[in-house]
Amino acid sequence: MTSVIQQSSRPTGGNRVSAGTASDVKTFIAAALLTFAAGMLVLIGYIMAGGFGGFLGIIGAVWSVFWWKGVHGKVFPRDLPGKSMAGLAVTAAILLGLAYAMS
């Protein structure tokens, strides 16, 4: 019997998935802000129209994630522009203020 030995090739460099620590932190913050903003959409819908409004908020949150993906090519791209991060932070703050004012 002939035995075949296969050697797995391991990458010999750094992590090829990450673009660096700053990029990873921006991606984490974007994930947190997207989740927060989606939750605010659901909360605002629920405050405005009860259960049906919450359902519409879920639809709006899903649509927002698909829109974000269409703009950037991925939901969490490797190099997220600072302008997009600022826009997302401002949008999340406005939604928080709106939910606070409505409650």
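About the thresholds
Residues numbered from 1 in each chain as written. Predicted model: local features only at pLDDT ≥ 70, side-chain atom pairs only at ≥ 80, totals over all residues. Heavy atoms only, no water. Helix = DSSP H or I, 4+ residues; strand = E, 2+ residues; numbered from the N terminus. Buried < 20%, exposed > 50% of the residue type's maximum accessible area, 1.4 Å probe, protein only. Contact = heavy atoms within 4.5 Å. Areas by Shrake-Rupley, 256 points an atom, 1.4 Å probe, with all protein chains shown as cover. 1 Å grid on protein atoms, 1.4 Å probe; cavity = no way out; pocket = protein on both sides within 12 Å on 5 of 7 lines; lining within 4 Å. Points joined across faces, edges and corners; volume = space filled by probe spheres on them. Nonpolar A, V, L, I, M, F, W, Y, C, P; charged D, E, K, R; others polar. Phe/Tyr/Trp six-rings, centres within 6.5 Å; stacked < 30°, edge-to-face > 60°. Patch = residues over 30% accessible without salt bridge, like charges linked within 9 Å, V, L, I, M, F, W, Y side chains within 5 Å. Salt bridge = Lys/Arg side-chain N within 4 Å of Asp/Glu carboxyl O.

Draft legend 1. Representation of the overall build of the chain in the model. Looking only at helices and strands, the chain has 2 helices and 0 strands in total. Going through the 103 residues of the chain one by one, you find that 21% of them count as buried. A separation threshold of at least 6 residues defines the contact pool for the chain, and within that pool the share at least 24 residues apart is 66%. Element-wise, carbon and sulfur atoms account for 68% of the exposed surface of the chain, whose accessible area totals about 7,600 Å².

Draft legend 2. Highlighting the layout of surface pockets. Here the largest pocket defines a volume of roughly 300 Å³. Considering the residues around the largest pocket, the lining is formed by 17 residues, among which Ser64, Trp67, Trp68, Leu88 and Thr91 are closest to the centre. Secondary-structure elements contributing two or more residues to the lining of the largest pocket are α1 (21-72) and α2 (82-102). With 12 residues, the single largest contributor to the lining of the largest pocket is α1. Of the residues that constitute the lining of the largest pocket, the class distribution is 12 nonpolar, 5 polar and no charged.

Draft legend 3. Expanded view of the packing of aromatic side chains. Tallied over the full model, the rule gives 1 aromatic pair. Relative to Phe55, the ring of Phe52 has its centre 6.5 Å away and its plane inclined at 35 degrees; by these criteria the two rings are tilted. Of this pair, Phe52 and Phe55 both sit in helix α1, 3 residues apart, which is roughly one turn of the helix. Phe52 sits in the exposed class, given a relative accessible area of 57%.

Draft legend 4. Region of the structure containing the environment of Ala31. Examined against the element boundaries, Ala31 turns out to sit in helix α1. Between the alpha carbons of Ala31 and Phe76 there is a distance of 7.4 Å; along the sequence they are 45 residues apart.

Draft legend 5. Looking closely at a nonpolar patch on the surface. Together, Leu43, Ile47, Met48, Leu98 and Met102 make up a nonpolar patch on the protein surface, roughly 420 Å² of accessible area in all. Of all elements in the fold, only α1 and α2 reach the threshold of two or more residues within the nonpolar patch. Of all the elements, α1 adds the most residues to the nonpolar patch, at 3 residues. Here Met102 shows up in helix α2. For Met102, a relative accessible area of 31% gives the class partly exposed.

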